[in-house]
Amino acid sequence: MKRTLKEVVYISELLDINFQDIYAVHDLLAYYYPDRMEALQPNKSHHHVYPYYGVVFSTRNSAFNPDKCGQTDVALYPQFFVLDISCPKVVLEHELGHLAWANHDIDTLSYQTEGYLFDLAAWLPVGLHSKIKQYAYGYHCGGKGTVMSYADEFHPSTPALLSLSMA
Ligand SMILES: [Zn+2]
């Protein structure tokens, strides 16, 4: 798999605004950059490209102070992520994994649902159930984990530790 970075845009409009969640960030992007947002829609792209886009914050330079390193909501924004630039590099790929409908390892999900058996279908509208893949979870093997897991170490040899605060 090859990813291509198309463009980096400095967004000064978001610097001084105090917001806490991905929904506010996306609303503000749509407000300040309606033409750019429209151009990112899959049916408007060339060659069937399905572009991802995100906002990368520096929590040192903005009022954005999420309780998580990265955030996505694939059901609502299938192309959009939010990251803190000080997070480990692997968090970007983790969030892009969520946008590809991958999820955490089952043990972590059970912990996050406070012991209830995690059932993605219970969280999604019926129209999105076809996106659920039974194999698309993080896995642990030999003491390390894949990028979607909450492991302390990653396969094949990702040096950065993944923060337990990612979403
Ligand atoms: Zn996650």
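Our subject is the structure listed above.
This report concerns the structure included in the present document. The structure displayed is predicted, hence computed values, not measured ones.

Quick notes on the pattern of salt bridges
At step 1: On inspection of all chains with the given rule, the structure shows two salt bridges.
At step 2: Among the ionic pairs, glutamate 93 bridges to arginine 3, the shortest N-O distance being 2.6 Å. Within this pair, whereas glutamate 93 is found in helix H3 (residues 90-99), its partner arginine 3 is found in the segment before helix H1 (22-32), the two being separated by 90 residues in sequence.
At step 3: Looking at arginine 3, the relative accessible area reads 38%, which means it is partly exposed.
At step 4: Arginine 36 is the partner of glutamate 7 in a salt bridge, and the nearest nitrogen-oxygen pair spans 3.3 Å. Of this pair, glutamate 7 sits in the segment before H1 while arginine 36 is found in helix H2 (residues 34-39), placing the two residues 29 residues apart along the sequence.
At step 5: Here glutamate 7 falls in the partly exposed class, since its relative accessible area comes to 47%.
At step 6: Residue arginine 36 is classed as partly exposed on the basis of its relative accessible area of 38%.

Some details on the environment of tyrosine 150
At step 1: Structurally, tyrosine 150 can be placed in the segment after strand E5 (144-145).
At step 2: For the pair tyrosine 150 and histidine 104, spaced 46 residues apart in sequence, the C-alpha to C-alpha distance is 7.0 Å.
At step 3: Here glutamine 112 takes part through its side chain, which lies 3.4 Å from a polar atom of the side chain of tyrosine 150.

Concerning the environment of aspartate 73
At step 1: Mapping aspartate 73 onto the fold places it in the loop between strand E2 (70-72) and strand E3 (80-84).
At step 2: Relative accessible area serves as the criterion here: at 19%, aspartate 73 is assigned to the buried category.
At step 3: Along the sequence, aspartate 73 and histidine 98 sit 25 residues apart, while their C-alpha atoms lie 8.1 Å from each other.
At step 4: Discounting chain neighbours no more than four positions away, the residues touching aspartate 73 are Ile22, Tyr23 and Pro78.

Quick notes on the packing of aromatic side chains
At step 1: On inspection of all chains with the given rule, the structure shows four aromatic pairs.
At step 2: Taken together, a centroid distance of 6.0 Å and an interplanar angle of 40 degrees make the contact between tyrosine 23 and tyrosine 77 tilted. In this pair, tyrosine 23 is assigned in helix H1 and tyrosine 77 in the loop between E2 and E3, connecting sequence segments 54 residues apart.
At step 3: Relative accessible area serves as the criterion here: at 12%, tyrosine 77 is assigned to the buried category.
At step 4: These aromatic residues form a ring-pair network of at least three members: Tyr23, Tyr53, Tyr77 and Phe80.

Looking at the nonpolar core
At step 1: By size, the foremost hydrophobic cluster in this structure holds 16 residues, and its most contacted members are Phe81, Val91, Leu99, Trp101, Phe118, Leu120 and Leu124.
At step 2: Sorting the residues of this core by element identifies E3 and H3 as the ones contributing at least two each.
At step 3: Top contributing element to this core by residue count: H3, with three residues.
At step 4: In this structure phenylalanine 118 touches Asn103, Leu109, Thr113, Trp123 and Tyr137, once residues within four positions along its chain are discounted.
At step 5: Listed in part, the 14 residues of the second largest apolar core include Met37, Tyr53, Val55 and Tyr77.

A closer look at the state of the cysteines
Here, the word disulfide means a covalent bond between the sulfur atoms of two cysteines.
At step 1: Taken as a whole, this structure holds one disulfide when the rule is applied.
At step 2: Here cysteine 69 connects covalently by a disulfide to cysteine 87, the sulfurs 2.0 Å from one another. Negative torsions about the S-S bond denote left-handed disulfides, and the value of about -105 degrees found for cysteine 69 with cysteine 87 makes this one left-handed. Remark: cysteine 87 occurs in the loop between E3 and H3 and cysteine 69 occurs in the loop between strand E1 (53-57) and E2; sequence separation between them is 18 residues. The same class applies to cysteine 69 and to cysteine 87, which are both buried.

What counts and what doesn't
Residues numbered from 1 in each chain as written. Predicted model: local features only at pLDDT ≥ 70, side-chain atom pairs only at ≥ 80, totals over all residues. Heavy atoms only, no water. Salt bridge = Lys/Arg side-chain N within 4 Å of Asp/Glu carboxyl O. Helix = DSSP H or I, 4+ residues; strand = E, 2+ residues; numbered from the N terminus. Buried < 20%, exposed > 50% of the residue type's maximum accessible area, 1.4 Å probe, protein only. Polar contact = N/O pair within 3.5 Å; in protein donor to acceptor, adjacent residues only side chain to side chain. Contact = heavy atoms within 4.5 Å. Phe/Tyr/Trp six-rings, centres within 6.5 Å; stacked < 30°, edge-to-face > 60°. Core = buried A, V, L, I, M, F, W, Y, C linked by side-chain atoms within 4.5 Å. Disulfide = S-S within 2.5 Å.

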